[in-house]
Amino acid sequence: MFKNLSRISLFSFIFTIFSLLCVSPSFAFSGSGAGTSASPYIITTCEQLQEISNALYSYYQLGNDIDCNVAPYNTGSGFTPIINSGYGFAGNFNGENHTISNLFINDPGVANVGLFGESSGSIQNVKLSDVNITGGGNTGGLVGYNTGSSGTIADVAVVGGSITDTGSGDSVGGIVGDIYYTLSLSNSYTTVTVTGGSSFVGGLIGYGEATINNSYTSGNVIATSGGYAGGLSGAPINMNSNLVITNSFATGTITGGTDGGLVGECSPYISMTITNSYSVDSTLCGYTNGTVTINGGSAGGIALSSFYKTSPLYAVYTGSPSWDFTNTWKFNDTSSLPVFTWLATSTPTSAPAASGGGSNNQSSSAPPSCTNQPPTNSPNLFEIKNMGTSVTLYFVPVSGQNNKYVVSYGFNTNANSFTTTFDYSNTSGVIPYTVNYLFPGTWYFKIRGQNGCMPGNWSQVLPVRVGGFLSLEHTTISNNVLGAATSSTSKCQNYTVKPGDTLWSISGDILDNNYLYNSIMQQNRLKSSLITPGETIKVGC
């Protein structure tokens, strides 16, 4: 079950001291810079990238994007992993948000394979694109074998291509193959296919002790010969190690002898915590000889407010600690799953789906400069109707020139977490507009008109509570420009529980939404969801 169960402390001590005393010889770097923190070596070519092996304790910085699809790095064994006589990188590498593309490494009989074969240093702000990496043990896109006790990797990505380990019983990961001590990995992601044999295979990390924060994978993870496969990590090290996963997710297909949406092996003997994270695989953890129940499945360690995919998904965004949908998370309407706010700058994402013919594109860019005249006034948003997991906004349109509306909504009075836009130019009547797939909580909405590329002024902000039934009626609306208004009546009633009833079935039958069972519990101040036949409860009040 465990690999390298004993890490010999004496060897570790000797190795650390020897590594500190071993200083890379000076060399004539072909680029600019002095290799210091004040004057790092500036790398502008794949050849200069290869030169890092000659000075493993220096500071490096990318000066531009680099394409390694050039000889001799695109033939034979390709790029040589950055390592020197068994000593790994121990310096600082800052990609300055540049991309290294077409990295090709073909070393199926060699261990410790990746851009950095071994590393105990700091690596940040770099993207690897269209990689083709094959190793024979401890293989990773960025680092094959992370050896340091304080190494950090932050703001990195490995997108497109494949990473393959041909060894037996070894480790392969989208970013790091194996971790000897411990590693901090944050704000990073992979979209590559990661494949290993009877080994530990992970979308981010193959094997080892790590803290993973604000990171995700969307590529497939495959253990071809019955190994452990996990969306983020194949497995921690052993009973003395820790694996901490926070605000992270995996959406690829996971295949292995033992596979989990986030972690392949989640032994109860390992200290592990998963917080505010999710996978679309049917479990969070593959090895299930554990004690913690997560959405009906078992896993070792502790899972706090985490889940694997269910349908519909909005019902799972409850629990403690709560999910931060202001600073950390936003929705992706293509699957009703949350994604990171920072993805808006690198990967187009959308707000929850809305009806009324609108689109849900979110954008943080300023309106373009144009000569269109702005709408002469702001819309009058006068009411919002709660319909369980959807809300309908009712507003009076603007007068004058206007051809579209922008609805903005969120979790505080700024109402600016998501936007949805729909075309409409009529200036009379009352417009209803419905936004779907909202998870329970208090939402705030506002709306403005727009004439071409020129925005108008926002309306007032109105709040609405989602997740409980509100008995609002619309009996006086006329000239409903998107359809005839219909009167609704309150569903409030005293209901006598029948044999076989559950709060789930009652909320579905009466309120047309099974997930409103929480509102019934709140209305009746029930401490649990257990109900007794013959008991009378209030529903929809």
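Residues numbered from 1 in each chain as written. Predicted model: local features only at pLDDT ≥ 70, side-chain atom pairs only at ≥ 80, totals over all residues. Heavy atoms only, no water.

Draft legend 1. Focus on the overall build of the protein. In terms of helices and strands, the protein carries 4 helices and 42 strands. Put simply, the protein has 541 residues, and 53% of those count as buried. Intrachain contacts of the protein at a sequence separation of at least 6 include 69% that bridge at least 24 residues. Accessible surface for the protein amounts to roughly 21900 Å². Of this, 49% is attributable to carbon and sulfur atoms. (Helix = DSSP H or I, 4+ residues; strand = E, 2+ residues; numbered from the N terminus. Buried < 20%, exposed > 50% of the residue type's maximum accessible area, 1.4 Å probe, protein only. Contact = heavy atoms within 4.5 Å. Areas by Shrake-Rupley, 256 points an atom, 1.4 Å probe, with all protein chains shown as cover.)

Draft legend 2. Expanded view of the environment of Ser 428. Tracing the chain through its elements places Ser 428 in the loop between strand 36 (418-423) and strand 37 (431-435). On the accessibility criterion, Ser 428 (43% relative accessible area) is partly exposed. Note: C-alpha distance between Ser 428 and Pro 397 (31 residues apart in sequence) is 6.4 Å.

Draft legend 3. Fine view of the sheet that holds strand 34 (residues 391-396). Ordered by their spatial adjacency, 3 strands build an open sheet running 33-34-37, and the pairing between neighbours is antiparallel. Looking at strand neighbours, the two that pair on one side only are strand 33 (380-386) and strand 37, the edges of this open sheet. In this sheet, adjacent strand axes meet at a mean angle of 25° when their direction is disregarded. Where strand 33 and strand 34 come together, 6 bridges link them in antiparallel fashion. (Pairing = 2+ DSSP bridges. Axes fitted to C-alpha atoms, helices over the stretch in contact; angles between N-to-C directions.)

Draft legend 4. Highlighting the environment of Ser 188. Considering the arrangement of structural elements, one finds Ser 188 in the loop between strand 12 (176-186) and strand 13 (189-190). Look past the residues within four positions of Ser 188 in its chain and what remains in contact with it is Ile 153, Ala 154, Asp 155, Val 156, Ile 175, Asn 214, Ser 215 and Tyr 216. A polar contact is formed between the side chain of Ser 188 and the backbone oxygen of Ser 186, at a distance of 2.7 Å. (Polar contact = N/O pair within 3.5 Å; in protein donor to acceptor, adjacent residues only side chain to side chain.)

Draft legend 5. Examining the nonpolar core more closely. Grouped together as the largest cluster of nonpolar side chains are 64 residues, with contacts concentrated most on Leu 49, Phe 93, Leu 115, Leu 142 and Ile 153. Per element, the largest residue contribution to this core is 5 residues, and it comes from strand 7 (residues 122-135). In terms of nonpolar packing, the next biggest core, distinct from the first, is built from 37 residues, Leu 337, Phe 340, Val 391 and Phe 418 among them. (Core = buried A, V, L, I, M, F, W, Y, C linked by side-chain atoms within 4.5 Å.)

Draft legend 6. Just the confidence of the model for the protein, in detail. Per-residue confidence for the protein gives a mean pLDDT of 77, with 74% of residues at or over 70. Confidence, read as mean pLDDT per element, is least for strand 27 (residues 292-294) in the protein (40) and greatest for strand 1 (residues 41-43) (97). Every residue in residues 1-25 is under pLDDT 50, and counting partners more than four places away or in other chains gives 44 contacts. Predicted confidence for residues 344-369 stays below pLDDT 50, and this span has 61 contacts to residues more than four positions away or in other chains. (pLDDT = per-residue confidence, 0-100.)

Draft legend 7. Structural context of the side chain of Ser 279. Residue position: Ser 279 is located in strand 26 (residues 278-279). At 3.2 Å, the side chain of Ser 279 forms a polar contact with the backbone oxygen of Thr 283. Among all residues touching Ser 279, those that are not within four sequence positions of it are Ala 250, Gly 261, Leu 262, Leu 284, Phe 307, Tyr 308 and Lys 309.

Draft legend 8. Representation of the state of the cysteines. Per the stated rule, a full pass over the model turns up 1 disulfide. Each sulfur of the disulfide joining Cys 46 and Cys 68 lies 2.2 Å from the other. The S-S bond linking Cys 46 to Cys 68 shows a torsion near 100°; that makes this disulfide right-handed. Here the residue Cys 46 occupies a position in helix 2 (residues 46-50), and Cys 68 occupies one in the loop between strand 3 (66-67) and strand 4 (92-101), the gap between them amounting to 22 residues. With relative accessibility at 1%, the residue Cys 68 sits in the buried group. (Disulfide = S-S within 2.5 Å.)

Draft legend 9. The arrangement of unusual backbone geometry in detail. Note the cis peptide between Ala 71 and Pro 72, where omega equals 0°. Here Pro 72 shows up in the loop between strand 3 and strand 4. Its identity as a non-glycine residue notwithstanding, Asn 125 has a phi of 60°, on the positive side. Within the secondary structure layout, Asn 125 lies in strand 7. You will see that Asn 214, though not glycine, has its phi angle at about 50°, which is positive.

Draft legend 10. Geometry of the side chain of Ser 101. You can see Ser 101 is positioned in strand 4. A residue is classified by how much of its surface remains accessible, and Ser 101, at 15% relative accessible area, is buried. Ser 101 has contacts with Ile 66, Asp 67, Cys 68, Asn 69 and Ser 129, leaving out every residue within four places of it along the chain.

Draft legend 11. Structural view of the packing of aromatic side chains. For the structure on display, the rule yields 27 aromatic pairs. Judged by centre distance (6.0 Å) and plane angle (50°), the rings of Tyr 73 and Phe 79 are tilted. A residue is classified by how much of its surface remains accessible, and Tyr 73, at 12% relative accessible area, is buried. Taken together, a centroid distance of 4.2 Å and an interplanar angle of 10° make the contact between Phe 422 and Tyr 433 stacked. One end of the pair, Phe 422, is in strand 36; the other, Tyr 433, is in strand 37, with 11 residues separating them in the sequence. Of the residues examined, Tyr 433 reaches a relative accessible area of 1% and is grouped as buried. Grouped by ring-pair contacts, the aromatic residues Tyr 189, Tyr 216, Phe 249, Tyr 278, Phe 307, Trp 323, Trp 329 and Phe 340 constitute a single cluster. One cation-aromatic arrangement involves Lys 446 over Trp 458; the distance from NZ or CZ to the ring centre is 4.7 Å. The ring of Trp 458 is capped by Arg 448, whose NZ or CZ atom sits 5.0 Å from the centre of that ring. (Phe/Tyr/Trp six-rings, centres within 6.5 Å; stacked < 30°, edge-to-face > 60°. Lys NZ or Arg CZ within 6 Å of the ring centre and 35° of its normal.)

Draft legend 12. Focus on the sheet that holds strand 11 (residues 171-173). Pairing in this open sheet of 5 strands is parallel, and the strands run 8-11-15-19-24 from one edge to the other. Strands with a single pairing partner mark the edges of an open sheet, and in this sheet they are strand 8 (139-140) and strand 24 (258-260). The pairing of strand 15 (residues 200-202) with strand 19 (residues 228-230) spans 3 bridges and is classified as parallel. Looking across to strand 19, one finds that Val 201 is bridged to Ala 229.

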